[in-house]
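Survey of secondary and tertiary structure
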Amino acid sequence: MTPIVTLDGVSRRYGDKLALTDISMTVEEGTIHCLLGPNGAGKTTMLRVMAGLVGPSEGSLSVLGGDPFQHAIRSRIGWVPSDDRSFYMRVSGRENLLFFARLYGRGKRESTRLVDSLLEEVGLTDDAYKPVRGYSHGMTKRLAVARGLLGESPLLLVDEATHDLDIEGSRTIRALFRDLAERGSTIVWSTQRLEELPGLVDTVTVLDRGAVRFDGSLDDLVASVDRPVYRVAVRHEEGAADSAEFAAAALGESASVVGGEGHVLSIRLAATSELGAALRKLMDAGFEVLTCHEESGAIERAVEMRLGS
């Protein structure tokens, strides 16, 4: 596969503040690469460096085979910022897109065809003639995605595209991203919505305070996590439901009790154990199992573990 984005030892300073520290990563052609991390982790700064909006303080990068500060390269990069205030609020969404399409040097007829097609793809056809100031936050997000696609760019950089979107709007954008990747486009997307990653992203970079904590495939990220922890609400016929020691003895080597209070236990399964077998041991010891649920999903646990390292 062809590298579309390559960062080699990139750091970025804002005065005395180090926003990025020695970042090295590669994004391959036709893939969806996700930047994960809490607020202030450096996700937006990384995207701005890739877009040629700010330069690295140290290190080097290549985007689409060249320097993103060169106009010939930057003009081929699609950019979807998180800021809603980058449109002309008094005119319609369609007029906004037509204006930006003309900035790409497109003729009137070509601009009209492309804009109407993109409005349909992001689900804004019915609202195309409404002033942007009347758009909801989610509608403005979808309009920003449409604008990022005006250049029909081989690389799309997206900052929190689905933040605050409803379920249907988020599903529309994710399907659009997947279709673009299948047609050969490359997408680098920052998000905090971990539930959207399975079935969508190919590779992941986990950032924390400007440093990389993980870089690789989503499967490898999930595989790196410890065994899941389950919250089990129990009751015991002899009133011993609040005894973690009693539960641990009942579970034996099938699981360990790693926390809990009162009638709720936190148990972690052993590597060779199944949840059903562990619960059966509790019931055989006289516990009544009232509820059971996983404390967090595999992706959440993997990210939490990396951010805690």
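The following refers to the structure shown. Computed from a predicted model, the values in this text were never measured in an experiment.

**Here we look at the nonpolar core**
- Ranked by internal contacts, the top residues of the largest apolar core, which has 46 residues, are V145, F177, W189 and V201.
- The residues touching V145, leaving out its near neighbours within four places in the chain, are V80, V122, A161, I173, L176 and F177.
- Membership of the second largest hydrophobic core comes to 25 residues, among which are I4, V63, L157 and V188.

**Things to note about unusual backbone geometry**
- Unlike most non-glycine residues, D22 shows phi in positive territory, near 50 degrees.
- On the secondary structure map, D22 appears in strand β2 (residues 17-28).
- Within the chain, R209 stands out as a residue other than glycine whose phi angle is a positive 50 degrees.
- Turning to its location among the elements, R209 is positioned in the loop between β8 (203-208) and β9 (211-217).
- The exposure class of R209 is exposed, given its relative accessible area of 59%.

**Brief notes about the packing of aromatic side chains**
- This model, assessed by the stated rule, comprises six aromatic pairs.
- Aromatic pair F246 and F287: ring centres 5.4 Å apart, planes at 40 degrees, arrangement tilted. Of this pair, F246 sits in helix α8 (residues 244-251) while F287 is found in strand β13 (residues 287-294), placing the two residues 41 residues apart along the sequence.
- With a relative accessible area of 31%, F246 lands in the partly exposed category.
- Aromatic ring contacts, followed pair by pair, group F87, Y88, F99 and F100 into a single cluster.
- For R12, the ring lying beneath its charged end belongs to Y14, and the centroid distance is 4.5 Å.
- We note R147 situated over the ring of F100; from NZ or CZ to the ring centre the distance is 4.9 Å.

**Comments concerning the packing of α8 against helix α9 (residues 275-284)**
- For the pair α8 and α9, interaxial distance at closest approach is 8 Å and the crossing angle is 120 degrees. Our classification of the angle between α8 and α9 gives oblique. As α8 runs across α9, the sense of the crossing is right-handed. Contact residues: A247, A250 and L251 in α8; A278, K281 and L282 in α9.
- Among the residues making up the contact of α8 with α9, the classes are represented as five nonpolar, no polar and one charged.

About the cut-offs
Residues numbered from 1 in each chain as written. Predicted model: local features only at pLDDT ≥ 70, side-chain atom pairs only at ≥ 80, totals over all residues. Heavy atoms only, no water. Core = buried A, V, L, I, M, F, W, Y, C linked by side-chain atoms within 4.5 Å. Buried < 20%, exposed > 50% of the residue type's maximum accessible area, 1.4 Å probe, protein only. Contact = heavy atoms within 4.5 Å. Helix = DSSP H or I, 4+ residues; strand = E, 2+ residues; numbered from the N terminus. Phe/Tyr/Trp six-rings, centres within 6.5 Å; stacked < 30°, edge-to-face > 60°. Lys NZ or Arg CZ within 6 Å of the ring centre and 35° of its normal. Axes fitted to C-alpha atoms, helices over the stretch in contact; angles between N-to-C directions. Parallel < 35°, antiparallel > 145°, perpendicular 65-115°, else oblique. Left-handed = near helix turned anticlockwise from the far one by under 90°. Nonpolar A, V, L, I, M, F, W, Y, C, P; charged D, E, K, R; others polar.

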